[in-house]
Structures are given as C-alpha cells and as structure tokens.
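In case you want the letters, here they are:
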Amino acid sequence: MDWLAGGLLALGVLCVATGLLPRAPAGDVLERIGPLVVFLATVIVLAELTGKAEVFDVVATWVARVGRGNYALLFLLCVGFASVTTITLNLDTTAVLLTPVMLALATRVGIAAVPLAMTTVWLANTASLLLPVSNLTNLLAADRVALAPSEMAAAMWAPQLAAIAVTMACLWGFYWRPGRRGAVSYAPPAPPSPKDRVLFRVCAVACGGFLVALLVADVPLWSASMAAALVVVAAFAVRDRGALRLSLVPWRLLVLVPGMFLVVETVNAHGLHDVLAAAMGSDNDLVGMLRSAAVGAGFSNVLNNLPAYLAGEAAIPEANHHQLLAQLIGVNVGPVITPWASLATLLWFERCRWHGTRIDLRRFLGTGLVLSVAATLSATLALAATV
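Definitions and limits used
Numbers given for residues are sequential positions, taken from 1 along each chain in its written order. Residue-level local features of this predicted model are given only where pLDDT is at least 70; pairs of side-chain atoms are given and counted only at 80 or more, and the full residue set underlies all totals for whole chains, interfaces and linings. Values reported for side chains reflect all heavy atoms of the structure, with hydrogen atoms and water molecules removed beforehand. With a 1 Å grid spanning the protein atoms alone, the term cavity applies to any set of points in which a 1.4 Å probe fits but cannot get out, the term pocket to an open set with protein on both sides within 12 Å along at least five of seven lines, and the term lining residue to any residue with an atom within 4 Å of a point. Grid points are joined across faces, edges and corners, and a volume is the space filled by probe spheres set on the points. Only runs of H or I of at least four residues qualify as helices and only runs of E of at least two qualify as strands under DSSP, and these elements are numbered from the N terminus. We call Asp, Glu, Lys and Arg charged. Ala, Val, Leu, Ile, Met, Phe, Trp, Tyr, Cys and Pro are nonpolar, and the rest, Gly among them, are polar. Counted as salt bridges are all cases of a side-chain nitrogen of Lys or Arg within 4 Å of a carboxyl oxygen of Asp or Glu. Here's how the labels work: a residue is buried when its accessible area is under 20% of the maximum for its type, exposed when over 50%, partly exposed in between, all with a 1.4 Å probe on protein chains only. A fitted line through C-alpha atoms represents every axis, and for helices the fit uses only the stretch in contact; the resulting angles, taken between N-to-C directions, go from 0 to 180 degrees. Geometric relationships in this document are graded by angle, where less than 35 degrees denotes roughly parallel, more than 145 denotes roughly antiparallel, 65 to 115 denotes roughly perpendicular, and other angles denote oblique. Throughout, a crossing is termed right-handed when the near helix is turned clockwise from the far one, and left-handed when it is turned anticlockwise from it by less than a right angle. Should any heavy atoms of two residues lie within 4.5 Å, those residues are counted as being in contact. In this analysis, a patch consists of residues with relative accessible area above 30% that form no salt bridge, clustered at 9 Å for like charges and at 5 Å for the nonpolar side chains Val, Leu, Ile, Met, Phe, Trp and Tyr. Here the Shrake-Rupley method, with its probe set to 1.4 Å, supplies the accessible areas, and only the displayed protein chains count as covering residues. UniProt positions are given in the numbering used here, feature names are shortened, and annotations may be inferred rather than shown by experiment. Multiplying 1.5 Å by the helix residue count minus one yields the expected span of that helix.

Novice: Please explain the layout of surface pockets as it appears in this structure.
Specialist: When its volume is computed, the largest pocket comes out at roughly 410 Å³. Looking at the lining of the largest pocket, the elements that each hand over two or more residues are helix H2 (23-52), helix H7 (136-140), helix H8 (142-145), helix H12 (221-239) and helix H15 (305-315). Broken down by element, the residue count for the lining of the largest pocket peaks at 5 residues, all from H2. Residue composition of the lining of the largest pocket, grouped by class: 13 nonpolar, no polar and 3 charged. Reported here for the second largest pocket is a volume of approximately 340 Å³. As for the second largest pocket, its lining consists of 14 residues, and the residues nearest its centre are Pro 132, Val 133, Leu 139, Leu 214 and Asp 218. Per-element accounting of the lining of the second largest pocket gives the leading share, 3 residues, to helix H11 (residues 197-217). Grouping the amino acids of the lining of the second largest pocket by side-chain chemistry returns 12 nonpolar, 1 polar and 1 charged.

Next comes the structure, spelled out in structure tokens:
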C-alpha cells in the first residue's frame, strides 16, 4: 500500500509538472475529489476511536445474541445488516463502520472472522446500486442519470436484488457453509458492559447522529463525518487523551486518492477515451449494456471504480441512458476482485489489518472473480428485463 500510494501520487504530480496533464483539468479533478478526501480522513478517525470506546463490541454482541447460536440465522442477519447499511448510508460507511462490528462479533463469539469480513466487503460493493447515496459513483453520475432517489430505486430494484442474491450464494458456498466456517454452531455471548460508559455513549451518539444526518438532513458526507469525528475527538481529549495519535489519520489513502485520479485523468487525455468508447460501443440495447457493464467492471479492477466511472461516462453517448445505468452496475457490483478496485475495499483491508485478521489474497482474488462475473451479468440482465 505504501509503495502504491506514494508511487501514484508521485506519478500524478510528475504528469502535471511535465505538462502531460494541463493544470486546469488537474485543478478540476482535485476540486471534485476534495470532499471525498475529507470524508475518508474523518470517517476513519471516527471509526478508530469508536472502536476504542467499545461501541462495535457492544453492537456485535447483540447481533450474536439475536442469532442464538444458529449459523444460518446469523448469516441472514449479517447479510441483511450489511445490505441495508450500504443501500441507505454508502458503501464506504459500511466498510468503515460495519467491518469492525463484524470482526468484533467474531472475537466475542470465538468464530472464524473471515466469513464475517467477506460478507461486509462484498455487500459493501454489490448492494450499492439502489439509491444515489449508496455509492460515490452514483453521486458522480447524478447529473447524467438525472433520477430522483425514488426514480433510481424504481429503475435499479431488480438489478439490486439480483446482485444481492448472487452475493449470498457465493458467500455461503465459498465462506459460510459448514465445511468452510469450521463449526456447526456457536455459543451466544453474555450481555456486554463497556469499561468507560461516558466515552461509549458519546461515540454511540456521534455515530448515530452521523447516520441520521445522512438519512434525514441530506447533508454532504464530508460534513457529517467531520462533525461526528470532532465530537468523538473532543470526548477522547477529555477522557483518554493518550488514544489521540497522528497514526489515526489514514495517510496512505489520502495520498493514494489524488494520485490515482491525476494518473487516470492523464491517461484519459492521451487515448483512454477512444479505447473505452470502442470497447463499450454506442448501442443502447442489451449488447451495449453488457459491453458497458463488462468494461466498467474490468477497468475498475485494473485501477479503481471511481476514476473508471468518470472515464467511462465520457465515452458513453449522451442519449444512451440504459447503457449508462449498465456501466454503473459494472463499476458498483464488479469491483470485488482486486484490493484496490474500490475505496470501500481499501478501507476494508485497513480495518482487517487493524483487527489482525489475515486475508488470503489468492482466495480473495479467485472467489472475487466468480462473484464479479456472476453478479455483474445477473444484474445487467435484470436491468435489461425491467427497463
């Protein structure tokens, strides 16, 4: 991660310095991603300190208690929890706030962490089709898609159900079935009791306020996460100042994101647009939709879904509304193969590393490839059948 982040930023700066990327479009790109960088920084600080206040441990314990020792019921609870969180709050929020809940659940109950972790990262991506807020790519597409939340839900409900159904099948087959999870049942834990109840309550209220602000007040992601993070930092400054360290800030991601966008913008200005336009074609029928979704998924896994969407959007004819929705399926559902395919996956890897959960990269790539192909294809066919 360190070499990837530093290398991309250095390459992006070099592109601007040498004139390969003119200063005006470079400035436009940095201005557009500024709020995203603020969101990433503040939401990770919020998640780190909330985890230290044991909020995630308490939530995880109650999820495990509701499951009553039944793995099938626990599976459905986790799938439902992850899907609803992603649809209503944003996939990056799911990766940051729900991953610690799942990993804390595994620790509390003494079960394998990887099935729970994979549930979070896969559904953070594949459940992000339904609403504009569900994925940052949807927000980037708002002007071109031109659909109100209810209208977007009406257009994408079938693809969303198809993507979640395929994800459930892959999760159970690859990670949750008895031969994989390593146990028949689990013992529900005792009711939780946090050590510092003041910090626990402040952090719980801050997280709750963050989520409510996104749902009810329709405030920007970056402002909601910043406000919640400031509340939590203030509480720790009073109750546990030693927990406040510069290492809480995700420096690698803050370096990676602008570098990634600058590099893609440079490549796009020197021929990528023509390549993408030829690959996706200009047809608005089923074939064009399938091509657009496949290119979106493939390019997302090569680099990242956010710049992949921006580059692909420019290559789709203005009138091809169905083809644009299919591209959204590709860049939302498809980026589950490589660790850098979406910011949610990068955030998820950060959470897993912090928790000490080891992810087998070869297995992650192999199972992700199956899910990416199956879910993208199923969702695109569902879109074509309902639009």
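Novice: Even after reading the chapter, I still don't get the pattern of salt bridges, so can you show me in this structure?
Specialist: Here the idea is simple: oppositely charged side chains can pair when their charged atoms come close. Applying the stated criterion to the full structure yields 5 salt bridges. Across the pair Glu 318 and Arg 144 runs a salt bridge whose closest N-O atoms are separated by 3.6 Å. In this pair, Glu 318 is assigned in the loop between H15 and helix H16 (321-333) and Arg 144 in helix H8, connecting sequence segments 174 residues apart. Note that Arg 252 is salt-bridged to Glu 350, the shortest N-O span being 2.6 Å. Here Glu 350 lies in helix H17 (residues 343-355) and Arg 252 lies in helix H13 (residues 251-280), a separation of 98 residues in the sequence. Given a relative accessible area of 21%, Arg 252 falls into the partly exposed group. The buried category is assigned to Glu 350, whose relative accessible area is 11%.

Novice: Would you take a moment to explain the packing of helix H9 (residues 149-176) against H16 for this structure?
Specialist: How two helices pack is summed up by the angle between their axes together with the distance between the axes. Contact geometry for H9 and H16: axes closest at 12 Å, N-to-C directions at 45°. When the interaxial angle is binned, H9 and H16 end up oblique. Of the two possible hands of crossing, H9 and H16 adopt the one that is right-handed. Residues Met 152, Ala 155, Met 156, Pro 159 and Ala 163 of H9 pack against Leu 325, Leu 328, Ile 329 and Val 333 of H16. Classifying every residue of the contact of H9 with H16 by side-chain character gives 9 nonpolar, no polar and no charged.

Novice: I would appreciate a short explanation of a nonpolar patch on the surface in the present structure.
Specialist: A surface patch of nonpolar side chains, amounting to about 310 Å² of accessible area, comprises Val 212, Leu 215 and Val 216. Inspection of the secondary structure assignment puts Val 212 in helix H11.

Novice: Can you help me understand the UniProt feature "domain: Citrate transporter-like" (unreviewed entry) in the chain in this one?
Specialist: The UniProt entry lists residues 29-342 under the feature "domain: Citrate transporter-like" (unreviewed entry), expressed in the numbering used here. Structurally, residues 29-342 comprises 77% helix and 0% strand, and the distance from its first C-alpha atom to its last is 18 Å.

Novice: Could you clarify how one ought to interpret helix H3 (residues 55-67) in this entry?
Specialist: Side chains three or four residues apart in an α-helix point the same way, a direct result of the helix having 3.6 residues per turn. In this model, H3 (13 residues) spans 19 Å end to end at C-alpha, consistent with the 18 Å of a helix rising 1.5 Å per residue. Among the residues making up H3, those that are buried are Val 55, Phe 56, Val 58, Ala 60, Thr 61, Val 63, Ala 64 and Gly 67. Those residues of H3 hidden inside the fold are in contact with H2, helix H4 (71-89), helix H5 (91-109) and H11.

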